[in-house]
Amino acid sequence: MEIKEQTEIKEWVKAAAVEDFPRNGGAAVLVNGEQIAVFNFTNEGRWFATQNQCPHKGEMAISRGLTGDSEGHPKVACPFHKKTFSLEDGKCLTDEEFQLKTFPVKIEEGYVLIGIE
Amino acid sequence: MKKRIVLIGNGMTGYKFCEKFASSPLKEQYKLVVFGEEPHPAYDRVHLTSYYTGTVPDELLLAPAGWYDEHNIELLTNEKVIAIDREAKTVSSEKEKTYSYDILVLATGSSAFVPPIEGIEKEGVFVYRTFDDIDKIKKYIPKASKAAVIGGGLLGLEAAKAVLDDGLPTSIIEFASRLMPRQLDPQGANILKSKLENFDLEVLLNKSTEKITGNGKLEGLQFADGSTLDADLLVISAGIRPRDELARSAGLEVHQRGGIVVNSKMETADPSIFAIGECVVVHNMVWGLVAPCYEMAEILVNNIGGQSQEFLGFDLSSKLKLIGTDVASFGEALVESDKIKTIVYENKSRGIYKRLNISEDGKYLLGGILVGEAEEYNMLKQVVNNKIALPENPEDFILGARGGEGAAGIGVGDLPDTAAICSCENITKGDILSAIETDGAESVPKIKKCTKAGTGCGGCAPMLDDLLIHYMKSQGREVRKTICEHFDYTRQELYDLIKINEFKSYDELILAYGKGSGCETCKPVVASLLASIWNDLITKQDTIQDTNDRFLANIQQRGVYSVVPRIPGGEITPEKLIVIGQVAKKYDLYTKITGGQRIDLFGARVDQLPAIWEELIDAGFESGHAYGKSLRTVKSCVGSTWCRYGMHDSVSFAIEVEDRYKGLRSPHKLKGGVSGCVRECAEARGKDFGIIATEKGWNLFVCGNGGANPRHADLLASDIDKETVVKYLDRFLMYYIKTAEPLTRTSKWLASLEGGLGYLKDVVVKDSLGIGNKLEEEMAELISHYKCEWTEVVRTPELRNKFRHFVNSDEIDNNIKFVPLRDQKIPAKA
């Protein structure tokens, strides 16, 4: 599994203010015309980002999924058919053939920044 | 130096030989060398279809490649043996290597039988047997538009379902006059056929394929009766052919219909050569199921070790699930004779067929067939195999007990310790009980790990569960059903913890009693519990709500939502109807009348929901909770106010009851109905609670449902007045909310409630637990907290602001697209 290296990032794009995102949940942002799902794990102080489109049936819905963890590894379940994806590498945990693109996230001065290749 | 056993074949039987070898004293005397012609080590071919649907090969391996090394077994995959030299006692492989043996075991298995049809070599024709076959089919699917499967047996139907699920219209072609001719009789096969046809699988019987047409590529099939079928992908599943070519060329005896001939000790005529599995003919037949092949492997290991065991034939009972339809046959399923008695139950409208074959004296069960519903399979198979004397009314096995309460006849407790529970691994009831008792295997996964029971076909898993529960009960203990890895508590325990600690949020609960970040299982369960206990506004904790509850609307294709205002009892004024029409028109929503007597508006974007609801609320509507595990509708017939047969005013009562319980959140959705007379036009007995007018008052029925497994509600109390109906309903619903497992409808809850309907009557009507008042008070408390969720959202800017597609933009989701249909719109296919 490929995990994106920081060096590939061409640009950090300011997505929205931290308080625009729900606690322990996700929301979608539009970044350079692309739909990206951002997840705020308030309890762990961690953030994750993936493509918003579920690769299973193509719905723009990953951001509306329930978040959580499986043995400590963060994951999200697509609200449509409950396919679950690792937020660490985007791999589908219930069906090998699907994969989400992941993006690095950082917080600066109260804003959520997404790293775009 | 150790002597050498060479095993040709690393399929399921070959692997079983390795496994038994590794745990026997033989490993001290012999070195085992195994040849497999496929690139993967042995895998679970029984579950090949799960590879088709995406399971990775590694998960289907019977043992990882490293296992063979660890047990000092030399495994050579991708190495096909092409010759045996019996004089020199050597085998040679395709890679031109030669290996000597002291003992040679042939477990060469079988290949798919490909009938000699003209044109069979064309592109687009496949078999369904190995990982490689499936890779080839998958690769071809995008080029194909119509599939056909030759062979209406077990494997053919699985293959047909797999290609159908990949989006290809599919036809099944069977040479015989019925599907699964080896397992089913004509009546059972007919029921299966209509089930398959409901799923858009075409079934063609009595068809002998004569020619495969097309220019290089398959384009169609031509049958002996002159008819034709268009298809550009063909899967052949016309049975198996034993792989006996190696034995044949080595001069060993093979059967005229194929198969290496061995005796019941698995011996060939050559004292150094043995054969096991699907490649052999023993007792004049090829044994094409995994369980007898496993038995042969075990017998051979023991015999090489000096024993003298014999393979005496095997129970060929089978059960499988095809497209959601259970199909099982056991014992002597197909006997036709005057010497037996049969009991047959057929329900064409529900697609169920059951047949029991009983001995002439009525004492023993010989075999039978189950289609459409096969929960009784494991127990019936046990009754046959253990020759258990039949109860007085054996029909109770397939009809369920009538008249009295409690289940029919015989349970796991009645089985002897020698009863084989897992026939794939040959594990008895005694083995399983001793694993529970002495090895502490107190869960089904632990039993599987400890005994290997349930690791073959998996069919005995429900029986493992029953045995565990039976054992625990005999010890006065219970099996705990904990929620998930984040909470080591049952739903009922969490209910009490939330109440006692007065927790109002998920975060408080997980900090105090759970671990980690939660998941998609525990979050909605806790959300439902919090709502059932406090009836607070669920939107305050939107990110723990399940899909539809998060945005108070049902998510539909393409991520748009539907809107269902409450229309209590199905009664609506013309003014309100006009408002619904105006709102639908303004926002261009698709409208449809629901089964619950209300109107569903489809196709709203998430950002449009608050504005739509604002207009509906201004006109006097409330949320219909169509999105929640909560009260949906109380359906009514028109009742005595208009109907000339009506006994009482069912509409007024339905409205009263719907208004009372609206917004009540429960383990699963709740539906009700009120009928004004016994004609039952409101279909109230198909609901979680149904109220039906009688001359003297009302009859109250509970725990019915429609859906996939319809069930008529049972009578809880008769001829009671309205106040008593409401009192009993309060108690019944509250008791259900407090004790049911998550996502369990009332009917399933009742089925698992110890003591069944009798006990429920005791609690609700006779108040045997003395909790009647408390239940009523708790219900009154919940009702007093009711607020329309949508009204709250529309009037609270902070909540309203959550209904946006992007948090950083007012753009709408450009993935949403519609196409027209009959003057309205529907979502375009993604």
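These numbers were taken from a predicted model, which means no experiment stands behind them.

Cut-offs and rules
- Residues numbered from 1 in each chain as written.
- Chains lettered and ligands numbered in written order.
- Predicted model: local features only at pLDDT ≥ 70, side-chain atom pairs only at ≥ 80, totals over all residues.
- Heavy atoms only, no water.
- Helix = DSSP H or I, 4+ residues; strand = E, 2+ residues; numbered from the N terminus.
- Rg over C-alpha atoms; globule rule 2.2 N^0.38 Å.
- Buried < 20%, exposed > 50% of the residue type's maximum accessible area, 1.4 Å probe, protein only.
- Contact = heavy atoms within 4.5 Å.
- Areas by Shrake-Rupley, 256 points an atom, 1.4 Å probe, with all protein chains shown as cover.
- Lys, Arg positive; Asp, Glu negative; His and termini not counted.
- Charge placed at Lys NZ, Arg CZ, Asp CG, Glu CD.
- Disulfide = S-S within 2.5 Å.
- Buried area = accessible area lost by both parts, 1.4 Å probe.
- Salt bridge = Lys/Arg side-chain N within 4 Å of Asp/Glu carboxyl O.
- Polar contact = N/O pair within 3.5 Å; in protein donor to acceptor, adjacent residues only side chain to side chain.
- Phe/Tyr/Trp six-rings, centres within 6.5 Å; stacked < 30°, edge-to-face > 60°.
- Lys NZ or Arg CZ within 6 Å of the ring centre and 35° of its normal.
- Pairing = 2+ DSSP bridges.
- Axes fitted to C-alpha atoms, helices over the stretch in contact; angles between N-to-C directions.
- Parallel < 35°, antiparallel > 145°, perpendicular 65-115°, else oblique.
- Left-handed = near helix turned anticlockwise from the far one by under 90°.
- Nonpolar A, V, L, I, M, F, W, Y, C, P; charged D, E, K, R; others polar.
- Domains from an automatic or database assignment.

> Outline the overall build of chain B, supporting the account with residue identities and numerical values.
When helices and strands are tallied, chain B shows 28 helices and 38 strands. Rg of the C-alpha trace for chain B: 31 Å, near the compact-globule value of 28 Å for 830 residues, within the 12% margin. Burial analysis of chain B (830 residues in total) assigns 53% to the buried set. Pairs at least 24 apart in sequence give 61% of the contacts found in chain B among residues at least 6 apart. As displayed, chain B offers around 37200 Å² of accessible surface, 48% of which is attributable to carbon and sulfur atoms. Taking the average location of the 101 positive side-chain charges in chain B and that of its 118 negative ones, the two points are 2 Å from each other.

> Can you lay out the overall build of chain A for me, pointing to particular residues and giving the numbers?
A tally of regular secondary structure across chain A gives zero helices and ten strands. Each helix and strand of chain A, placed in order from N terminus to C terminus, yields the pattern β-β-β-β-β-β-β-β-β-β. In terms of overall dimensions, chain A is globule-like: its C-alpha atoms have a radius of gyration of 13 Å, near the 13 Å expected for 117 residues. Each principal axis of the C-alpha atoms in chain A carries an extent, and together these give about 35 × 30 × 25 Å. When the 117 residues of chain A are sorted by exposure, 56% land in the buried category. Carbon together with sulfur atoms contributes 44% to the accessible area of chain A, which is approximately 5300 Å² in total. Of the side-chain charges in chain A, 13 are positive and 19 negative, and the distance between the mean point of each set is 4 Å.

> Give a detailed account of the state of the cysteines, specifying residues and quantitative values.
Residue and element names in this part refer to chain B. One pass over the structure, following the stated rule, counts zero disulfides over all chains. The thiol of C460 is unpaired, and the distance to the nearest cysteine sulfur, on C422, comes to 4.2 Å. Unpaired in terms of disulfides, C677 finds its nearest cysteine sulfur in C643, a separation of 6.0 Å. Accessibility expressed as a relative area gives 8% for C677, which makes it buried.

> Can you break down the interface of chain A and chain B residue by residue, with the values?
Facing 41 residues of chain A, the contacting portion of chain B comprises 37 residues. When chain A packs against chain B, close to 2900 Å² is buried across both sides, 46% of that on carbon and sulfur atoms. Ranking the residues of chain A by area buried against chain B places A:L30, A:R64 and A:L66 at the top, with a combined share of 26%. Our count for the chain A to chain B interface comes out at two salt bridges. The shortest N-O distance in the salt bridge between B:E520 and A:K75 comes to 3.2 Å. At the junction of chain A and chain B, the tally comes to 23 residue pairs in polar contact (both at pLDDT 80 or more). Of all elements in the fold, only β1 (11-17), β2 (25-31), β3 (34-41), β5 (66-70) and β6 (73-77) of chain A reach the threshold of two or more residues within the side of chain A that touches chain B.

> Let's hear about the packing of aromatic side chains: which residues, and what values?
Residue and element names in this part refer to chain B. Here the structure, examined in full by the defined rule, presents 25 aromatic pairs over all chains. When the ring of W67 is compared with that of Y68, the centres are 5.1 Å apart and the planes differ by 90°; the resulting orientation is edge-to-face. The exposure class of W67 is buried, given its relative accessible area of 14%. Given a relative accessible area of 1%, Y68 falls into the buried group. Between F551 and F803, the ring centres sit 5.6 Å apart and the planes meet at 75°, which makes this aromatic pair edge-to-face. Placement of F551 in the loop between α19 (547-550) and β28 (554-555) and of F803 in the loop between α28 (797-800) and β37 (818-821) is noted, with a sequence separation of 252 residues between them. Overall, F803 belongs to the buried group, its relative accessible area being 5%. Through pairs of rings, three or more aromatic residues link up here, namely F551, Y561, W613, W790 and F803. The cationic tip of K16 hangs over the ring face of Y294; the distance from NZ or CZ to the ring centre is 4.5 Å. Lying across the ring of Y364, K387 places its NZ or CZ 4.8 Å from the centre.

> Give a detailed account of the sheet that holds strand β5 (residues 90-93) of chain B, specifying residues and quantitative values.
Consider a sheet: its strands pair through backbone hydrogen bonds, and that pairing is either parallel or antiparallel. All names here are of chain B. Sheet architecture is open: three strands sit in the order β4-β5-β6, paired in antiparallel fashion. The open sheet has two free edges, formed respectively by β4 (81-85) and β6 (98-100), since each of these has just one partner strand. On average, each strand axis in the sheet is inclined to that of its neighbour by 25°, with strand direction left out of account. With four bridges connecting them, β4 and β5 associate as antiparallel partners. Along β5, the bridge assignment pairs I84 with V91.

> Mind laying out the packing of helix α23 (residues 722-739) of chain B against helix α25 (residues 756-764) of chain B, listing which residues take part and the relevant values?
Residue and element names in this part refer to chain B. In the contact formed by α23 and α25, the axes pass within 10 Å of each other and the chain directions differ by 120°. Of the possible angle classes, the one that applies to α23 and α25 is oblique. Handedness of the crossing formed by α23 with α25: right-handed. Contact residues: α23 offers Y728, R731, F732 and Y735, while α25 offers Y759, L760, V763 and V764. Each residue belonging to the contact of α23 with α25 can be placed in one class, and the counts come to seven nonpolar, no polar and one charged.

> Residue-level account of the pattern of salt bridges, with values.
Residues and elements named next belong to chain B. Within the structure shown, the criterion is met by 46 salt bridges over all chains. The partner of E37 in a salt bridge is R243, with the nearest N and O atoms 2.9 Å apart. With E37 in the loop between β2 (30-35) and α3 (48-52) and R243 in the loop between β17 (240-242) and α9 (245-249), this residue pair connects regions lying 206 residues apart in the sequence. Take R243: its relative accessible area is 18%, and that puts it in the buried class. Three or more residues joined by partner-sharing salt bridges are found here, namely R350, K354, E373 and E376.

> Can you explain the packing of helix α14 (residues 444-451) of chain B against helix α15 (residues 461-474) of chain B? Please cite residues and give values.
Residue and element names in this part refer to chain B. With their axes 10 Å apart at the nearest point, α14 and α15 run at an angle of 105° to one another. Classed by the angle they form, the pair α14 and α15 counts as roughly perpendicular. Facing α14, whose interface residues are V444, I447 and K448, α15 presents L464, D465 and L468. Here the contact of α14 with α15 is built from residues that sort into four nonpolar, no polar and two charged.

> Help me get a handle on the domain arrangement of chain B, residues and values and all.
All names here are of chain B. Taken domain by domain, chain B consists of domain 1 (3-111 + 242-304), domain 2 (125-238), domain 3 (411-479) and domain 4 (554-784). Between domain 1 and domain 3, the C-alpha centre-to-centre distance is 30 Å. Each partner contributes residues to the interface: domain 1 has seven residues there, and domain 3 has seven residues. Both sides together, the interface formed by domain 1 and domain 3 hides about 550 Å², and carbon and sulfur atoms give 44% of it. At the surface where domain 1 touches domain 3, the tally comes to one salt bridge. Between E19 and K452 there is a salt bridge, and its shortest N-O distance comes to 3.0 Å. Counting residues per element, the ones that place at least two in the side of domain 1 that touches domain 3 are α1 (12-22) and α10 (290-304). Top element by residues in the side of domain 1 that touches domain 3 is α10. It accounts for four residues. Classifying every residue of the side of domain 1 that touches domain 3 gives three nonpolar, one polar and three charged.

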